[in-house]
Amino acid sequence: LVQAEQRLLSTLARERRSHAVPQGSAANAPPQPKVLSSAKLTTLSGAEVSTVHSLALDGPGGQGISRALERIASMTGSRQERHQEALSLWEARRTEEVALMRNEVSNEATAFKQTLADSDADIAKECSVLHDEKELMRLEEVGVHRVWDEVALVIPQRLEWINSFGATLKSIQDRNVGGLMSSLRAVVDVLIDVAFVSRGEVERIAEREAGNLNKALLDDRRTIAELLRNLRREEVDKERILRGEWEQAMEHWRILRTRHTVDAFRARLRSDAFADPPGRRGLLAALADEQQAAHEALGKQMSLVLGLLPPAKHFSTFSVSNWAGGLTHAAEEWDLARARALSRINENEQETQAAALDAFSELQADVTRYGALSLSDMKDMLEREAMSLVNERQQTATAQIEALNEFLNKQAEEWRSRWGTLASFVSSLSELHDAHKAKVIALHDGSCTALETCRDDYNAADAQREQDLTNACAELRQSATENHLDGALEKALARLDLIEQSYRTFHHDMNAIIEENPKTMKRNGDDYQRNLCGLLHLTPNVEHAPEPNFSEEENNNDDTGAADPPPAADEATAGAAAIEDAPDNVDVPDSIEAVAPLVVHVTSLGTEFVLTEDLFSGVYDPKPPPPEASDANENAEGEDVAAELEGAAAAVEPAADQAEDEAAAGDGIPVPESETIPLEPLPYIGELRLSEEQIRPLLEEARRCTLDEMELHHAEVMRVADSWYTLQTESITDELDGKLRAHRPRAGKLEEENRAHRSLELIEQQRRFERFYRLSMRQQRQQVKAFDEAVSAAAVVLRKGVGRIAHAEAMLSTCSSVKGLDIRRREAAAEREHVLEDIAAKMSAMRKQLAAAAEKQLSAIEKFREETFKSFDEGGLYAKECIDSFTSKLSVVEDVVRTAEQTQSEALSKLEEEVNAEMETSWESLQAQFPPHTEDLKLLEALDAASSTARNKLRGVISESLSAASSISAEANKLAELAHGSGMTSTETLDIMQSLSRLGLTLQPRCVYLGCLQSTFTPTLISITLDPSEDSPEATRENQDGGEVQTTFEEVVEGLISECREALAKCGEEYYSQKHADRPITRPNRILPTLAELNAENEKILANLREQANTHLAAATAELRTQVLQLADTLASASVKALEALDQGERKARADLLTASSATFDAMRVDTIKAQEAHKDALRPGMGKPSREGELRALCGKEVERMHASVEALRSHAIGVMEKIQALNKVYSARLNHCARQMMHLIDSCVLPEDLKSFTADDTMGSLKRKNLKQLRRLRREGLGATAPVIASREGRPYMERTYPGIALSKLMLKEVGWAGATQEVPRPFTPLASANDEGEGGGETQAATPDGPEEIELVDSDPLIGLDTTCQNALVNTLERCLDKFVKDLRADVLNQKMMVSQRLKDETQWKKNWDDLVKMVTSGSAA
């Protein structure tokens, strides 16, 4: 007690003060919040707490202890305070969590209510159409059904919302309870750490609080369950109410649609959809738009000529041709557009007529389907009110289309005539314009060509004169004496005078050519004005061109000697001139006063031209030719003028005829505007013309632009000609002045520079030779020094090679094998050869370098002699005396080089002899060391070979063992993948059984090999098949090869170790018996002195081998046990998967059969309906007359035959389907029985955990989770009912053998699944015209048709199944029964579906029989009335 008091006081007396804060600041510091955690509340260690708890205020010592331990009371109060604080915090935490949970639940409930409310609103909105007659009328039958489909889709979703709401509430509750329990655990930990009360009291507090939480949890869950139950009940009621409302709306819809059909069709016939179809209106509007676009395109294309007219740079024949092609293209596009539009209008009319007929057919079908009228009344009404309107509409539309086509054709002809004439006129202008510009360029190019020719001639002559001067200067450079130099100088000066005289002659000839160019340009411009005015119907402002005086021109050319003038104007210009001459001779009056008033055209430059005729009239309405003259002279003169006019027109307008031919393709004559016959006004289509108002501005603009361009171009041409004349004149004058200025100083330069240059060349030759002579002597001295250094370095390198041979002798002890020693011997020999080769190569290389250096110097001297010493004849500047002097001095240098080469070669031979002698001495010493090393290495190799062989064999055994383990693991993994895979076909079943067979045949030998199998059984090999008919002999023994007993892993290892021990001992005995006693051992670290010591060392190697084998055996055994346990866990799922996959594949086959059967059944139903409709259509009202009684009787007989044939086909189809199902059931039963027995045999053949030897505590299989075998057996007993299992022991296995009941295959028979025949009442048609005998034989209105069922295939239950009483076999049997029950259940549903289909067909036939009887009665009663 005293010791505990001292420890407590020492702990509590310790000051808790921070040295970083002054003492006075602690009182002013704010109070720190208390944190409820074990780290803060615990102030004593565990021993101290136990000691303090043992002290009490009323214990031994009473109040004396309290007085002695004052701080203990304070500590107790502090703990009580912290204890209460912890409980208070728990209460606050619990209250807070409850409030949060209520808030969260409230939010979820609000959101759920809102979701349901939104869903209710959506359903109400979806169903609102059912209560509005207008909206209901807009729906089709599919739309009405879709309303309910949408509602039906929402109902399961609402149930999911309810379930989700319940799950959300549960998750909120679980999360809240989890948080509270976590907080409670934390509080309990704190209370334990505070230790104010005992641990038991703390546990009672925790149990009480936990109980309260669990009670609240159960109450909340009960409330949630009640809420969800009420919500689901309300959903069921709501669904029933909605279904009733929808059914009422469906009936109302049928009534409304029947009443509305006839009125809707009549309104449709009177609507614009057929009277004035929108498609035709749209096509006419589109045609009008295309007409307007074509008219605008032609007008726009015609107006584009304004952009081509001058001053545009691209006004040419080519651009005008493209523009005219654009007009042609626009017209062709309009033709194509008209054809397309009319074709579309006709197609639209056909579609409209077809739509009208389709509408009529739909009307007839609708009226027939709803049955509002009789057949005769329906036909009369349709003919009177529908078909007459259709015919009238078609006639009106055809007349309108024919009128439209006629109007558009006439309009297109008028357009083509207008734009064709304009294109011809503009083409004439462009051709005349291009011809004029081409001639201007040709004239200018002729002048330039003449100048170039004159200059080329001058340049050729001038080049010859310059060459003569160059030859004279060369003669001056090679002169040998002063007199010779003076004569050559005078000759060169004479050549300079001839060159100056040629400059002046060239200047005179060029001036003559330049002066002729402006005159030619002026004449050409006047000709172009006359031709252009003739096309524009204007009077030219220039005089007629004078007749050319060829004799005078020839004389002028001969006198001046200049180049020939440019060629005359081409044929187009001559023809245009002839056009201007013709009016002066024929039409122009004698005096100007006789013509009044004159119309004048003023150009932009102010020039006036008198109009001879209105331009538009002249182009589009030309005047007729003048009348023939009275006398013969006038006729002859008129004929001459006409011929000239015709020739000129042919020359000037070659392309105009083609354009006019295209424009007048119809009749060749343009149609005047006044002759156009207007048509009756058509809808959307307007009468659009290419009027004079559109064309006249284009013609006048063409005249203005061409006249302005003519004046501007002529002015520009003359300006350019004058400028060219001035520029060329100044250029040749400047050229003459420049040549004279450059020529005159040449005489002084020739006299001064050439003579001085020759003196400088002689001085330079002497200096060049002296520099080369000094360089050659310096290079010789450098070569001698470099050779001495190379000889010293080579001696060092070669002696290093000799040293490598000596080093190889010291490295023999590092060889680890005889082969390595031989390699060292060969390497040393190769090294010796290599060193000898290096010596020879080094000497040879140095000799070559020596010879190359001498040859280089001699070659340099020879090169200098050849390249430098060249005489004038060889293209050089050296005299013969200088060459002889320099050559004699270079011969001295060559003698010095040859002497040095001989001395250095002798020094190299001496060095080579010394190095070869040192090499031979080192090689002889190395050869003496090889025999002792060879003997020792042979021993080591023998020892290593024996141990390596043992290790390799052991490694091979271990590798085979690992391979076997890997194959087992791979097969087990494959089986696990198959067991848990997604495939559900019979292929998976076959793969699983084959994998089980392979595992059974490999696991048992593996267990025997490793020595861990306690059972005595041998797996058998069976043929794995799905069908019993494919079986081979049932089983064969796997190990029937002589009855040999399989060896174990331990026996194999011991044999390897024994063989290795004998081999090692034999090697040691042979070595020590042959070794000489005085020879030292070369490797004492591995070869021991005596045989006994060597054998002891070898035992360590054998011990290492045994340890490796034991390690692998332990690992392989552990792995095998793990594989067996994993296989035992996989067998159950594999057997389940195999049977389920087989079952799924067979059920899929039946489903495919039923799908095909359903398609055939539907096709039969369609054929039946078609036959019924055909008979119904054949039943005419007139058949009730006595005269057509035979026809009615025959029709009724056909209907009876059709009905019986339909019932017979239905019977045959049903029997065929049932027969196929029986065949599938037979295959399924055989496969299920066969596969189940194979699976039980394969599972029994596998090694199971109890077959292995007992496990130790450290085995890994103890960590694997085992299945509850008792629970599986209990489930099995419950499934078998009161039948007691038959259990017996099996020899050699630790498991019991169990007999399971056989498979109840009789459940698959048709009588067991509900097919006991399909007897139904088949109707017989009522035929009032039948005889009494027929009625008596029929026995009434119906005849019993009992289709016989398919021949029943007897299926019996299988024999009992026998297998080990294991979890895997129990799971297999349970799966077998479950698959069979599920197969039978689906089979029963499919059979029931077939029965319902047959029953429905029979009901349809019964209903049709009633309808047919009614129709026959209507026909007979109508005729009687």
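Up top is the structure these notes are about.
Going along each chain's sequence as written, the residues are numbered from 1 onward. The model is predicted, so local features are restricted to residues of pLDDT at least 70 and side-chain atom pairs to those at 80 or more, both for listing and for counting; the totals for chains, interfaces and linings are taken over all residues. With hydrogens and water stripped out, all remaining heavy atoms of the structure feed into the side-chain values.

A.B. asks: Before we go on, may I ask you to explain the overall build of the protein chain in this structure?
C.D. replies: Looking only at helices and strands, the protein chain has 31 helices and 10 strands in total. Burial classification: accessible surface area is computed with a 1.4 Å probe over protein chains only, and a residue below 20% of its type maximum counts as buried, one above 50% as exposed, and the rest as partly exposed. A burial count over the protein chain gives 35% of its 1425 residues as buried. Any pair of residues with heavy atoms lying within 4.5 Å of one another is described as a contacting pair. Restricting to contacts in the protein chain with at least 6 residues of sequence separation, those with at least 24 account for 86%. All accessible areas in this document rest on Shrake-Rupley with a 1.4 Å probe, and a residue is counted as covered only by the protein chains that are shown. Total accessible area on the protein chain stands at roughly 80,700 Å², and carbon and sulfur atoms take up 53% of it. Helix and strand labels come from DSSP, where a helix needs a run of H or I of at least four residues and a strand needs a run of E of at least two; each type is numbered from the N terminus.

A.B. asks: Explain the sheet that holds strand S1 (residues 538-539) to me, please; I cannot follow it from the model alone.
C.D. replies: Only when DSSP finds a minimum of two bridges between them are two strands counted as paired. One open sheet holds the three strands; their spatial order is S1-S3-S2, and the pairing between them is antiparallel. The open sheet terminates on both sides in strands that have one partner only, identified here as S1 and strand S2 (600-602). Strand direction decides the pairing type here: S1 and strand S3 (residues 608-611), joined by two bridges, are antiparallel. From the neighbouring strand, Thr539 faces S3, where its bridge partner is Val610. Orientation is described by lines fitted to C-alpha atoms, with helices fitted over the stretch in contact, and by angles between N-to-C directions that extend from 0 to 180 degrees. Its contacts with the sheet place helix H20 (residues 692-743) against S1, S2 and S3, and it is angled at close to 140 degrees to S3.

A.B. asks: Just to check I follow, could you spell out the nonpolar core for this structure?
C.D. replies: The tendency in soluble globular proteins is for nonpolar side chains to be buried side by side. Nonpolar core, defined: a set of buried Ala, Val, Leu, Ile, Met, Phe, Trp, Tyr and Cys residues in which side-chain atoms within 4.5 Å join the residues together. Ranked by size, the top nonpolar core spans 120 residues in total, and within it Leu996, Phe1049, Leu1131, Ile1221, Leu1232, Val1247 and Leu1308 carry the most contacts. At 17 residues, the largest contribution of residues to this core is made by helix H27 (residues 1091-1178). If near-sequence neighbours (up to four positions away) are discounted, Leu1131 is found in contact with Leu996, Ile1243, Cys1246, Leu1248 and Cys1368. With 56 residues, the next largest nonpolar core counts Leu342, Tyr528, Ile685 and Cys705 among its residues.

A.B. asks: Even after reading the chapter, I still don't get the packing of helix H25 (residues 986-1010) against H27, so can you show me in this structure?
C.D. replies: When two helices pack together, their arrangement is given by the angle between the helix axes and by the axis-to-axis distance. It is at 10 Å that the axes of H25 and H27 come closest, and there the two elements cross at 160 degrees. As summarised for this structure, H25 and H27 are arranged roughly antiparallel, according to the angle between their axes. Seen from above, H25 lies across H27 with left-handed handedness. Every residue of H27 that contacts H25 at Ser986, Glu988, Thr989, Ile992, Leu996, Leu999, Leu1003, Arg1006, Cys1007 and Leu1010 is listed here: Leu1113, Ala1116, Thr1117, Leu1120, Val1124, Leu1127, Leu1131, Ala1134, Lys1137, Ala1138, Ala1141 and Leu1142. Partitioning the contact of H25 with H27 into residue classes produces 16 nonpolar, three polar and three charged. Here the angle decides the label: under 35 degrees means roughly parallel, over 145 means roughly antiparallel, 65 to 115 means roughly perpendicular, and every other value means oblique. Take the far helix as your reference; a near helix turned counterclockwise from it by less than a right angle gives a left-handed crossing, and one turned clockwise gives a right-handed crossing. Ten residue types, Ala, Val, Leu, Ile, Met, Phe, Trp, Tyr, Cys and Pro, are classed as nonpolar, four, Asp, Glu, Lys and Arg, as charged, and the remainder, Gly among them, as polar.

A.B. asks: Honestly, the side chain of Ser995 in this entry has me stumped. Any pointers?
C.D. replies: Relative to the elements of secondary structure, Ser995 occurs in helix H25. Owing to a relative accessible area of 0%, Ser995 belongs among the buried residues under this scheme. Discounting chain neighbours no more than four positions away, the residues touching Ser995 are Glu971 and Leu975.

A.B. asks: How should the side chain of Glu711 be read in this particular structure?
C.D. replies: Relative to the helices and strands, Glu711 is located in helix H20. The charged-residue count follows a simple rule in which Lys and Arg add positive charge and Asp and Glu add negative charge, with His and chain termini not counted at all. The salt bridge definition used is simple: a Lys or Arg side-chain nitrogen within 4 Å of an Asp or Glu carboxyl oxygen. In this structure, Glu711 is buried with no salt-bridge partner, the nearest side chain bearing the opposite charge being Arg704 at 10 Å. Setting aside anything within four residues of it in sequence, one finds Glu711 in contact with Thr603, Leu605, Thr607 and Phe609.

A.B. asks: So what exactly am I meant to see when it comes to unusual backbone geometry here?
C.D. replies: It is generally the case that most residues other than glycine have a negative phi and that most peptide bonds are trans. A positive phi is found at Ala195, a non-glycine position, where the angle reads about 60 degrees. Its place among the elements puts Ala195 in the loop between helix H7 (141-194) and helix H8 (199-270). Judged by relative accessible area, Ala195 falls into the buried class, the value being 8%. The phi dihedral of His537 falls on the positive side, at around 60 degrees, and the residue is not glycine. One can find His537 in the loop between helix H14 (482-535) and S1.

A.B. asks: Would you take a moment to explain the pattern of salt bridges for this structure?
C.D. replies: Side chains that differ in sign of charge can pair as their charged atoms come close. This model, assessed by the stated rule, comprises 58 salt bridges. Here Glu894 makes a salt bridge to Arg865, at a shortest N to O gap of 3.3 Å. One end of the pair, Glu894, is in helix H23 (residues 880-927); the other, Arg865, is in helix H22 (residues 818-868), and 29 residues separate them in sequence. Considered together, Glu894 and Arg865 belong to a single accessibility category, that of buried residues.

A.B. asks: For this particular structure, what's the right way to read helix H10 (residues 278-303)?
C.D. replies: Owing to its 3.6 residues per turn, the α-helix brings residues three or four apart onto one side. Helix span, expected: 1.5 Å multiplied by one less than the number of residues in the helix. Over its 26 residues, H10 runs 36 Å from end to end, which matches the ideal 38 Å to within 8%, given 1.5 Å per residue. Turning to H10, its buried residues are Arg280, Leu284, Leu287, Ala288, Gln291, Ala294, His295, Leu298, Gly299, Gln301 and Met302.

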